[in-house]
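For reference, the chains in residue letters:
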Amino acid sequence: MDNKACLLCQQPLVHELTLRELLGWDEVSGFEICARCQQEFQEIAPPHCPTCFKTGSSQKCWDCQYWTQHGYQAFQHIALYQYNAAMHDYFKRYKRYGDYQLRFVFQAQLQRAIGQLPGPYLYIPSSAQHLQLRQFDPVVGLFQNIAALIPALIKLPTTQAQAQKNRAERLATPQFLQFDRQYTALLAQPQLTILDDIYTTGRTLFHARDCLIAAGFQGKIYTFSLAR
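Rules and cut-offs
Residues numbered from 1 in each chain as written. Predicted model: local features only at pLDDT ≥ 70, side-chain atom pairs only at ≥ 80, totals over all residues. Heavy atoms only, no water. Buried < 20%, exposed > 50% of the residue type's maximum accessible area, 1.4 Å probe, protein only. Helix = DSSP H or I, 4+ residues; strand = E, 2+ residues; numbered from the N terminus. Pairing = 2+ DSSP bridges. Salt bridge = Lys/Arg side-chain N within 4 Å of Asp/Glu carboxyl O.

## Remarks on the pairing of strand β8 (residues 191–198)
Point 1. Of all eight residues that make up β8, seven are buried, and the element is covered over most of its length.
Point 2. Of the pairings in the sheet, the one linking strand β4 (residues 121–123) to β8 comprises three bridges and is parallel in character. When the bridges of β8 are listed, L122 appears paired with I194.
Point 3. Where β8 and strand β9 (residues 220–227) come together, seven bridges link them in parallel fashion. Across the sheet, residue I194 finds its bridge partner in β9, namely T223.

This is the structure we're talking about:
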C-alpha cells in the first residue's frame, strides 16, 4: 500500500497495489488526487463537437462554424475535460494563486493523451508580464514532464489578458503571437501539435496557427488543451 496526500484536498491518498505492480511487471498506476476530487472533474465524452470537443452535441458547434466561415477549413482540436466549476477552481489555485504543485494533478491523463498526438510539440506561452508575476509558465508546468516542448512562439504584450475579456472581445483580439525565427527548421516538419491549458473560443490557438502558416509552415497542425 502506498500512502500520500491528495494535491487538492490534502486528505490521505491510498493506492492499493496490484499483484503485477508488486512484482514489478506493471508500472505503479494511480492518481495525484483522491477519488472524491476526481469525481468533481468531468471528462469529455460523446456527444461532443467533432472538431473542438465542446460537449452537448455531435454537430459542429457555433465556435467551429465561426472559424469555418472565417476561412479555416481543416482543423482538429482535442481536449480532455469540461471547464466546469471544479476546473475553474483548479486553474484559479494553479494560475492566479501560483500553487505550482498542482501542475501534477493531471499528469497521468495528459501523458496518455499526448502520446496519441504527433510531435514536435509547441505551446502557447505566457506573456512576459504574467511570467514575471507568477514566476512560472502554467502551460509549461502542465506539459514539460510529458513532452519535449519547443518555445517557438512568443507572446507579444497586450493591454488586456484573454481571461478578462468577454466572448466578443476574445474573438476580436488582434494577433499577439510571433514566430521565433531561430526555430526555422521546425517549419519543414510534416505535422506538429500546439499545446494549451484551456480552449474557450479558440482565438488563441487560431492565432498560433496563423503565426506558423505566415512563417512558412505547410504541414498538418493539431491542437490540444486540458480543458474545453
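## With respect to the pattern of salt bridges
It is possible for side chains of opposite charge to pair when their charged atoms get near one another.
Point 1. Inspection of the entire model under this criterion finds six salt bridges.
Point 2. For the salt bridge of R93 with D99, the shortest nitrogen-to-oxygen distance reads 3.6 Å.
Point 3. Owing to a relative accessible area of 29%, R93 belongs among the partly exposed residues under this scheme.
Point 4. Given a relative accessible area of 27%, D99 falls into the partly exposed group.
Point 5. Three or more residues are tied together by salt bridges with common partners; here these are D63, R167 and R228.

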